[in-house]
Amino acid sequence: MDINQKTRQVMQRVQENTSPPELRQLPELIAEEKAGAAAYLHLSHRFGGKEGAMLRKMFEEEQVHISCLRGIFRLLTGERCQIHTASHTLSEDPAILLRRCYGQEMRCLAAYEAQAANPEYGPVFAQLAQQEREHCKNILHLIGKLDPK
């Protein structure tokens with residue numbers, strides 16, 4: 001390895017470590033939101049009725065979250081953020097899938113709350129956090145409805 005290549009690698013690590021926290025997190029947050037959206041759309045067909053409508057609404061809100069995160073990425077980098085998520089098995093038991101969704105929502109919620117004070121994008125992150133809280137409540141409601149009476 002020549003000295004120029006080594007210098008470039010060091011500079012790349014420095015730049016990665018000094019990029020804004022929201023920029024480093026955006027691709028993984030987008031992937032989390034995409035996985036959640038796919039799960040909610042899938043579950044909406046399994047539940048039907050009011051619960052299905054609630055899940056479709058959550059799917060639509062996740063789509064908006066993805067667009068907002070991509071917009072922030074675009075403004076910060078000038079580039080498009082292309083995220084390809086691995087397909088998760090959506091055929092598993094609804095309770096297990098909802099539990100996985102709850103974990104995803106909590107991770108996103110924590111990230112959004114951490115960025116709520118951001119001077120430029122804080123209000124958007126705060127709104128996303130509020131919707132994630134609502135999603136967590138909805139997921140717990142659905143898990144509770146799965147329990148036998």
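Please refer to the structure higher up on the page.
Residues numbered from 1 in each chain as written. Predicted model: local features only at pLDDT ≥ 70, side-chain atom pairs only at ≥ 80, totals over all residues. Heavy atoms only, no water.

Participant: When you look at the overall build of the protein in this model, what are you seeing that I'm missing?
Facilitator: A count of helices and strands for the protein gives 5 helices and 0 strands. For the protein, the N- to C-terminal ordering of α and β elements is α-α-α-α-α. A burial count over the protein gives 36% of its 149 residues as buried. Contacts spanning at least 24 positions in sequence make up 74% of the contacts within the protein whose residues lie at least 6 apart. Element-wise, carbon and sulfur atoms account for 55% of the exposed surface of the protein, whose accessible area totals about 9,000 Å². (Helix = DSSP H or I, 4+ residues; strand = E, 2+ residues; numbered from the N terminus. Buried < 20%, exposed > 50% of the residue type's maximum accessible area, 1.4 Å probe, protein only. Contact = heavy atoms within 4.5 Å. Areas by Shrake-Rupley, 256 points an atom, 1.4 Å probe, with all protein chains shown as cover.)

Participant: So what exactly am I meant to see when it comes to the pattern of salt bridges here?
Facilitator: Note that side chains of opposite charge can pair when their charged atoms are close. Considering all chains together, one arrives at 6 salt bridges under this definition. A salt bridge links Glu61 to Lys57, with the shortest nitrogen-to-oxygen separation between them at 3.5 Å. Linking Glu61 with Lys57, this pair stays in helix 3 (residues 49-77), spanning 4 residues, or about one helical turn. Owing to a relative accessible area of 15%, Glu61 belongs among the buried residues under this scheme. The partner of Glu134 in a salt bridge is Lys137, with the nearest N and O atoms 3.0 Å apart. One end of the pair, Glu134, and the other, Lys137, are both in helix 5 (residues 122-146), 3 residues apart, so they sit about a helical turn from each other. Residue class for Glu134 comes out partly exposed when judged on its relative accessible area of 35%. (Salt bridge = Lys/Arg side-chain N within 4 Å of Asp/Glu carboxyl O.)

Participant: Looking at this structure, how should I read helix 3?
Facilitator: For an α-helix the count is 3.6 residues per turn, leaving residues at separations of three or four pointing the same way. Along its 29 residues, helix 3 runs 42 Å from first to last C-alpha, staying within 8% of the 42 Å computed at 1.5 Å per residue. Where helix 3 is concerned, the buried positions are Glu51, Gly52, Met54, Leu55, Met58, Glu61, Glu62, His65, Ile66, Leu69, Ile72 and Phe73. Two residues or fewer after helix 3 comes Gly78, characterised by a positive phi angle close to 80°. (Expected span 1.5 Å × (residues − 1).)

Participant: Help me understand the side chain of Asn118, please; the structure alone is not making it clear to me.
Facilitator: Secondary-structure assignment places Asn118 in the loop between helix 4 (94-114) and helix 5. Given a relative accessible area of 14%, Asn118 falls into the buried group.

Participant: What is the right way to read the nonpolar core from this model?
Facilitator: It is characteristic of soluble globular proteins that their nonpolar side chains tend to be buried jointly. Counting residues in each nonpolar core, the largest one holds 18 residues, and the members touching the most others are Leu26, Leu29, Ile30, Leu69, Tyr112 and Phe125. Elements with a contribution of two residues or more to this core: helix 2 (21-47), helix 3, helix 4 and helix 5. Ranked by size, the runner-up nonpolar core spans 11 residues in total, among them Leu43, Met58, Ile139 and Leu142. (Core = buried A, V, L, I, M, F, W, Y, C linked by side-chain atoms within 4.5 Å.)

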